[in-house]
Amino acid sequence: MRVSYNMMSSRLVNDLMTSEQKMVDAQTQISSGKQINKPSDNPLGTAQSMDLQSSISQIDQMSTNAGIVNSQLAMTDSTLSSVSSALTTVQNLAMQAGNSTLSDEGRQGIAAQLDQVMTQLVNTGNTQYNGNYLFAGNKTKTAPIASSGGATPTYSYVGDSGSYSVNIGPGISVTGNITGDKIFNMNGSANPSDPDVFTMISTLKQQVLSGDTTGISNSLTAINDSQTNVTALRAQVGARMDRITSTTTQLTNTKTNLKSLLSNTEDADMTQAMTDLQTQQTTYQAAISAAQKVFAACLVNYMQ
Amino acid sequence: MSNLDINIIGSALSAQQQAMSVTAQNVANVNTQGYRRQEVTFGSVAPSADASLNLANGVPILGDGVTVSSVQRAQTSFLDRQILTGNQQYSYSDSMNQQLQQVEAAVNEPSDSGISSAMSDFWNAWSTLSTTPDSLAARNTVVQTGQTLADKIQSLYSTIGQVQSQCSQAIASDADQVNQMASQIADLNSQITKQVAAGQQPNDLMDQRDLLVEKVSKLLNVQVNQADNSGITLSVNGHCLVQGSISEQIGANTDGAGITTLVWSDDNKPVQVSGGEIGGLIQTRDTVLQGYKSTLNTFAQQLTTSVNTAHALGQDANGNPAGDFFTAGSDASNISVDSSIVASPALVAAANKNSAAGDNSVASAIAGLQNNSIPALGNQTLGAVYGQFTAQVGTDVSTSATNAQQSNLSLQQLTTQRDSISGVSLDEEMTNMTKFQQAYNAATRVFTVIDSMMNTIVNEMGVIGSAG
């Protein structure tokens, strides 16, 4: 083959360009740490990586949601625990009052304590969390336990039965609230045969004052029912929190897997990239030194 | 020995000088684009047909010396034709690749600042709102992420539009170049025809013409035919561009939308371009980019419709029935969060209609849209559709790059082959130079010898008699 000057120079330029391009590619991979830096690097991989990233972002959000619901449930549990101890106080007071040898002063003392517990329970029912009423269903801006006022107030539930259900995983939602009517058996929503807790306590107070031991004994049964109800609700809340914990653990595992998939898809193989760079550098330098020799070897240089 | 011998020497000196000047021309043009090496062919001059003139002192003369019978360009017609096709293919893919790379850069994936991550942020904002359905802060985040998403979609769409207008501008300016080159080729055609008719060999004009044809072939699909009178005919898909000394003009019409189309000035018919840079630009603008636009439009429309449908079931933070979240009827060119919601984020609905403020059904439902298959999108999620769009852009860029690379490789191969035939080799020229120089020197030496022989005859013979 006849070799012309242009041939040598254009081939040299092409070879150097190709080599430079490969060096730039390897260098981009090394400096960005990614093997996919633009969609054309790997179109399918790009789509996969986008999909993985949005799944990871969704999981992060679900974990945040789980945290929010979990703290609300923790708050609910501790509030229910104080309802439970208030009911225990009522139980103890009722048992004390069931003793017929009690003096009038003693009865009035018990009645006064019952009033205190009543106030405490109403306040507990109207507990606020992050500026919202915890037990009002979806009517989070309305105090759910409303008093009729007057000397012997009656109480009613003015919240709704709305649930606060939050997604904590793909297709998994958990309810973050308990409605006040269930806690206090308003309108018989927990035990239809019993009166609500507030009515029950004010009846008990009257029975204590009048020394109606039979009535007190009946009320005690109803109070025990309420206690059982609250315990059941706490178990429910505990179960929900367990579910959140297990879902979160599962999500964390999934996220770890997705992250390693993402890394496999996107991340550069550093060893490979470094080797490529090294190889290309060697090729490039070899091409240049070969060119120096070839271009120097022209007849012109040897003619006098 | 006679004057004839001196004439032979004269012819040799003149021929070697001519050959030397061809060598000089070759060396001078070693780096000239489009220059083809010229070759000298020597021919011996046959003795005259008149036999009486061919006797010198009764001895027959064998020849009348040497002449330069031709100075030809090193011919590569077959390769030339293949190179034209290669140029068309390379420029077609390369121009497509150049334009699409701009779109690819605008797509900016995979990254944490592309549409995909803006979409995740948007769904996450709704999910956060579902955990705090009465929160104004969460509503602000929903509005802000919604607007960011909308802006990114709009910006990508407008970048595609800009690349389309760039294509149109490039098409118009390319057409301008084609027109200029076509008229230059027509000009060269008429000069070459004249010179050839006058018995000359206008090699340099032919080089210029070939170079121009090659440049035209980079811009559009052109067919070349050699005419008998050394002129060439260029045609584009059957329509004549250059014939002899006449060139047709291509007109670039730009419509109101900024779309440039090419028509022949003579009959106002569209120019059927299928190759070269113009072909690549037209294909990119009208098929590839238009396809991207329509995919983005469908995506934006479905995003708008599905969010709005879910949102319309709700009531805002003030307890009033909710309106549209994204401006109704938007596509990718104008998608945005409804202006009244931007002005007052309280209008974002989290709760179902006729429910209390703590309800989060609507916020949950909208956050859940990211996992919904949408029938109008072939039962795929919005995220999957956008992922496919990105993959499509990536595939188009890498395919056009691969095509360009491949045609460039075969083009290089062809060019190397052609350079091997028609390129100047300095070694060869130096060798030729020495050859011609030696021949010249030898001829002068012969002349010296003849001169000395003449001297012997004229000045030294018969000296005895003359001196007396």
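Cut-off values and rules
Residues numbered from 1 in each chain as written. Chains lettered and ligands numbered in written order. Predicted model: local features only at pLDDT ≥ 70, side-chain atom pairs only at ≥ 80, totals over all residues. Helix = DSSP H or I, 4+ residues; strand = E, 2+ residues; numbered from the N terminus. Rg over C-alpha atoms; globule rule 2.2 N^0.38 Å. Buried ≥ 20, exposed ≤ 12 C-beta atoms within 10 Å, placed from the backbone. Contact = placed C-beta atoms within 7 Å. Domains from an automatic or database assignment. Nonpolar A, V, L, I, M, F, W, Y, C, P; charged D, E, K, R; others polar. pLDDT = per-residue confidence, 0-100. Axes fitted to C-alpha atoms, helices over the stretch in contact; angles between N-to-C directions. Parallel < 35°, antiparallel > 145°, perpendicular 65-115°, else oblique. Left-handed = near helix turned anticlockwise from the far one by under 90°. Pairing = 2+ DSSP bridges.

## Notes on the overall build of chain A
When its secondary structure is counted, chain A shows 7 helices and 6 strands. Its helices and strands in sequence order give chain A the pattern α-α-α-β-β-β-β-β-β-α-α-α-α, from N to C terminus. A globule of 304 residues ought to have a C-alpha radius of gyration of about 19 Å, yet chain A, at 39 Å, is considerably larger. By its C-alpha atoms, chain A is 140 × 30 × 25 Å across when sized along the principal axes. Scored against the burial criterion, the 304 residues of chain A give a buried share of 35%.

## Some details on the overall build of chain B
The helix and strand tally for chain B stands at 11 helices and 12 strands. Compactness check: chain B gives a C-alpha radius of gyration of 39 Å against a globular reference of 23 Å for 468 residues, more than 25% above the reference. Overall, the C-alpha framework of chain B stretches about 150 × 45 × 35 Å when taken along its three principal axes. Split into buried and exposed, the 468 residues of chain B put 42% on the buried side. Considering only intrachain contacts with a sequence separation of at least 6, the fraction spanning at least 24 residues in chain B is 72%.

## Points about the domain arrangement of chain A
Domain annotation for chain A reports domain 1 (52-260) and domain 2 (269-304). On a C-alpha basis, the centres of domain 1 of chain A and domain 2 of chain A stand 81 Å from each other.

## Some details on the interface of chain B and chain A
With 48 residues of chain B at the interface, the matching set in chain A holds 45 residues. Elements with a minimum of two residues in the side of chain B that touches chain A: α2 (77-107), α3 (115-131), α8 (361-368), α9 (382-422) and α10 (426-460) of chain B. For the side of chain B that touches chain A, the leading source of residues is α9(B), giving 17 residues. Its residues placed into classes, the side of chain B that touches chain A shows 14 nonpolar, 28 polar and 6 charged.

## Here we look at the confidence of the model for chain A
The pLDDT averaged across chain A works out to 90; a share of 100% of its residues lies at or above 70. Within chain A, helix α1 (residues 5-32) of chain A has the poorest average pLDDT of any element, 88, and helix α2 (residues 43-97) of chain A the best, 94.

## A word on the domain arrangement of chain B
Where the parts come together, the accessible area they lose is often given as the size of the interface. All names here are of chain B. As assigned here, chain B comprises domain 1 (3-74 + 425-467) and domain 2 (83-409). Placing a centre on the C-alpha atoms of domain 1 and another on those of domain 2 gives a separation of 67 Å. Across the contact, 8 residues belong to domain 1 and 7 residues belong to domain 2. For the side of domain 1 that touches domain 2, the leading source of residues is strand β4 (residues 66-73), giving 3 residues. Among the residues making up the side of domain 1 that touches domain 2, the classes are represented as 2 nonpolar, 4 polar and 2 charged.

## Here we look at the packing of helix α4 (residues 136-197) of chain B against helix α6 (residues 276-311) of chain B
Residue and element names in this part refer to chain B. At their nearest, the axes of α4 and α6 sit 10 Å apart, and the two run at 165 degrees to each other. If you check the angle between α4 and α6, you find them roughly antiparallel. For the pair α4 and α6, the sense of crossing is left-handed. Listed contacts from α6 to I153, L156, Y157, I160, V163, Q164, C167, S168, A170, I171, D174 and A175 of α4 are E277, I278, L281, I282, T284, R285, L289, Y292, K293, L296 and A300.

## Some words on the packing of α1(A) against helix α7 (residues 270-296) of chain A
Residues and elements named next belong to chain A. Look at α1 against α7: their axes get within 9 Å of each other, and the N-to-C directions meet at 160 degrees. Put simply, α1 runs roughly antiparallel to α7. In the crossing of α1 with α7, the sense of the turn from one axis to the other is left-handed. Residues M8, L12, D15, L16, S19, E20, K22, M23, A26, Q27, Q29 and I30 of α1 pack against M270, A273, M274, D276, L277, Q280, Q281, T283, Y284, A287, A291 and V294 of α7. Tallied by class, residues from the contact of α1 with α7 come to 14 nonpolar, 6 polar and 4 charged.

## Thoughts on the confidence of the model for chain B
For chain B, mean pLDDT is 90; residues scoring 70 or higher make up 95% of the total. Among the scores for the predicted complex, ipTM is 0.85 and pTM is 0.85.

## With respect to the pairing of strand β5 (residues 165-169) of chain A
All names here are of chain A. Within β5, 4 of the 5 residues are buried, which leaves it mostly tucked inside the rest of the structure. As paired elements, β5 and strand β6 (residues 172-175) share 4 bridges and run antiparallel to each other. By the bridge assignment, N167 is partnered in β6 with S173. Where β5 folds back on β6, the antiparallel hairpin that results is connected by 2 residues, among which G171 adopts a positive phi of roughly 75 degrees.

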